[in-house]
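Inside the fold
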Amino acid sequence: MLRIEHLRITYGNAVEAVRDLSLDVPAGGIVALLGANGAGKSTVLKAISGVLAAEGGRIAGGDIAFEGASLRGIRADDAVRRGIVQVPEGRRLFARLTVAENLSIGGFLRGAAERADTLARILDLFPPLTDKLSRAAGLLSGGEQQMVALGRALMARPRLLMLDEPSLGLAPVITGEIFAALARLRGELGLTILLIEQNASRALALADRATVMEGGRVAASGAAAALAADPMIRAHYLGLSDSGTRRNVREAVALAPRVRWPA
Ligand SMILES: Nc1ncnc2c1ncn2[C@@H]1O[C@H](COP(=O)(O)OP(=O)(O)O)[C@@H](O)[C@H]1O
Ligand SMILES: [Mg+2]
């Protein structure tokens, strides 16, 4: 469904944020894009959703194709029309608008019947939002705000849903609820998902396949279960030693710069 080939992205003329990235997201699949801060993950997502130019970035090489059509130079609203919808890093809700208003913004391309139908689905997925629809979004907890951000994306009826670090700043139990919702969305709607995460263990438990980025390049890529079992991935990204016990942070950091994987 989504095919990225030898993608290069620069900001200004100086920063090469993505150097050579190839990645496939098949229809109905869940693919995780992992990597440390600054690896280039959000930049890839911005290029797919058409907001890269607004941030001073441009595709300097390679291509991104969605169902065979190139996304180079696409505008954000055209991406949404094609069914590409993102839940941005940091949620980006309108804090003073109500939950219902934030959700309806996501459905701007949809008719009233479709919006009502999707709203019912969102409330079924996230019951805590039911009695908070008329509350200002800024007054909700972090977990509830992430639910609204995901709900707003669903209102657009995405075909490809992309999430940028949905677990950031959330308690583990809330992260579990968000990830369970993603699993349901794939199961019930056949939704295709590209998930950016720093929480690699959660992401690898949900995804079919994963790509690990480092310095704008692919550091590792493969089936999620295989990556989760790989000793180097476990040490570097999951903070686990082979026995499954948590490495101390100093040990993990000391190991990190020396670890390299074949593409
Ligand atoms: N708008 C921007 N202008 C210039 N450089 C940027 C911009 N956004 C990101 N970068 C740089 O691009 C690199 C990748 O950033 P990003 O894609 O946000 O990484 P990640 O999401 O993996 O943390 C970093 O070096 C970052 O400083
Ligand atoms: Mg990011």
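With that settled, the discussion passes to the domain arrangement of the protein. You can read the domains of the protein as domain 1 (2-83 + 158-258) and domain 2 (93-156). Once you take the C-alpha centre of each, domain 1 and domain 2 turn out to be 24 Å apart. Each side of the interface is counted separately: domain 1 has 17 residues, and domain 2 has 14 residues. Across the interface of domain 1 and domain 2, roughly 1,400 Å² is buried in total on both sides, 75% from carbon and sulfur atoms. By the criterion of area lost to domain 2, the three top residues of domain 1 are Pro158, Ile178 and Arg184, representing 29% of everything that side buries. For the pair domain 1 and domain 2, the number of links is 2 salt bridges. Taken together, domain 1 and domain 2 are joined by 2 residue pairs in polar contact (both at pLDDT 80 or more). Elements that contribute at least two residues to the side of domain 1 that touches domain 2 include exactly α2 (76-82), β7 (160-164) and α6 (172-189).

Considered as a void within the structure, the largest pocket measures approximately 610 Å³ in volume. Along its surface, the largest pocket is lined by 25 residues, and Val51, Gln86, Pro88, Arg92 and Arg152 are the ones closest to its centre. Those elements giving two or more residues to the lining of the largest pocket turn out to be α1 (41-49), α2, β6 (84-87), α3 (99-106) and α5 (142-155). When grouped by side-chain class, the residues that make up the lining of the largest pocket number 14 nonpolar, 4 polar and 7 charged. Both domains that meet at the lining of the largest pocket, namely domain 1 (2-83 + 158-258) and domain 2 (93-156), each give it at least three residues.

The subject of this paragraph is the pairing of strand β2 (residues 15-25). For strand β1 (residues 2-11) and β2, the ladder comprises 7 bridges, and the chain directions are antiparallel. Its bridge partner being in β2, Thr10 is matched across the sheet by Glu16. Linking β1 to β2, which pair antiparallel, is a turn of 3 residues; within it Gly12 sits at a positive phi near 60°.

A contiguous nonpolar patch, built from Phe94, Leu97 and Ile105 and spanning about 240 Å² of accessible area, is present on the exposed surface. For Phe94, the location among the structural elements is in the loop between β6 and α3. Of the residues examined, Phe94 reaches a relative accessible area of 44% and is grouped as partly exposed.

Our next topic: the site of ligand 1. By nearness alone, every residue bordering ligand 1 is listed as Tyr11, Ala17, Ala36, Asn37, Gly38, Ala39, Gly40, Lys41, Ser42, Thr43 and Glu55. In the environment of ligand 1, a nitrogen atom lies 3.4 Å from a nitrogen or oxygen atom belonging to the side chain of Tyr11. Measuring from an oxygen atom of ligand 1, one finds a backbone N or O atom of Gly40 at 3.0 Å. Among the elements that line the shell around ligand 1, the one with the most residues is α1, at 3 residues. The class makeup of the residues in the shell around ligand 1 is 4 nonpolar, 5 polar and 2 charged.

Further remarks concern the packing of helix α4 (residues 112-125) against α5. Between α4 and α5, whose axes approach to 9 Å, the crossing angle comes to 150°. By the angle between their axes, α4 is roughly antiparallel relative to α5. Viewed along their axes, α4 and α5 form a crossing whose handedness is right-handed. Only Gly151, Leu154 and Met155 of α5 make contact with α4, whose side of the interface consists of Arg115, Thr118, Leu119, Ile122 and Leu125. Of the residues that constitute the contact of α4 with α5, the class distribution is 5 nonpolar, 2 polar and 1 charged.

Burial within α1 is extensive, with 9 of its 9 residues counted as buried. Of the residues making up α1, those classed as buried are Lys41, Ser42, Thr43, Val44, Leu45, Lys46, Ala47, Ile48 and Ser49. Backbone geometry just after α1 places Gly50 at a positive phi near 80°.

Turning to unusual backbone geometry, a few remarks are in order. Phi angles above zero are rare outside glycine, and Glu67 is one such case at about 50°. Here Glu67 lies in the loop between β4 (57-66) and β5 (69-70).

Relative to the assigned elements, Pro128 resides in the loop between α4 and α5. Taking C-alpha positions, Pro128 is 44 Å from Gly61, a pair spaced 67 residues apart along the chain. When neighbours within four sequence positions are excluded, Pro128 is seen to be in contact with Glu144 and Met147.

The rules behind each value
- Residues numbered from 1 in each chain as written.
- Chains lettered and ligands numbered in written order.
- Predicted model: local features only at pLDDT ≥ 70, side-chain atom pairs only at ≥ 80, totals over all residues.
- Heavy atoms only, no water.
- Domains from an automatic or database assignment.
- Contact = heavy atoms within 4.5 Å.
- Buried area = accessible area lost by both parts, 1.4 Å probe.
- Salt bridge = Lys/Arg side-chain N within 4 Å of Asp/Glu carboxyl O.
- Polar contact = N/O pair within 3.5 Å; in protein donor to acceptor, adjacent residues only side chain to side chain.
- Helix = DSSP H or I, 4+ residues; strand = E, 2+ residues; numbered from the N terminus.
- 1 Å grid on protein atoms, 1.4 Å probe; cavity = no way out; pocket = protein on both sides within 12 Å on 5 of 7 lines; lining within 4 Å.
- Points joined across faces, edges and corners; volume = space filled by probe spheres on them.
- Nonpolar A, V, L, I, M, F, W, Y, C, P; charged D, E, K, R; others polar.
- Pairing = 2+ DSSP bridges.
- Patch = residues over 30% accessible without salt bridge, like charges linked within 9 Å, V, L, I, M, F, W, Y side chains within 5 Å.
- Areas by Shrake-Rupley, 256 points an atom, 1.4 Å probe, with all protein chains shown as cover.
- Buried < 20%, exposed > 50% of the residue type's maximum accessible area, 1.4 Å probe, protein only.
- Near = heavy atom within 4 Å.
- Axes fitted to C-alpha atoms, helices over the stretch in contact; angles between N-to-C directions.
- Parallel < 35°, antiparallel > 145°, perpendicular 65-115°, else oblique.
- Left-handed = near helix turned anticlockwise from the far one by under 90°.

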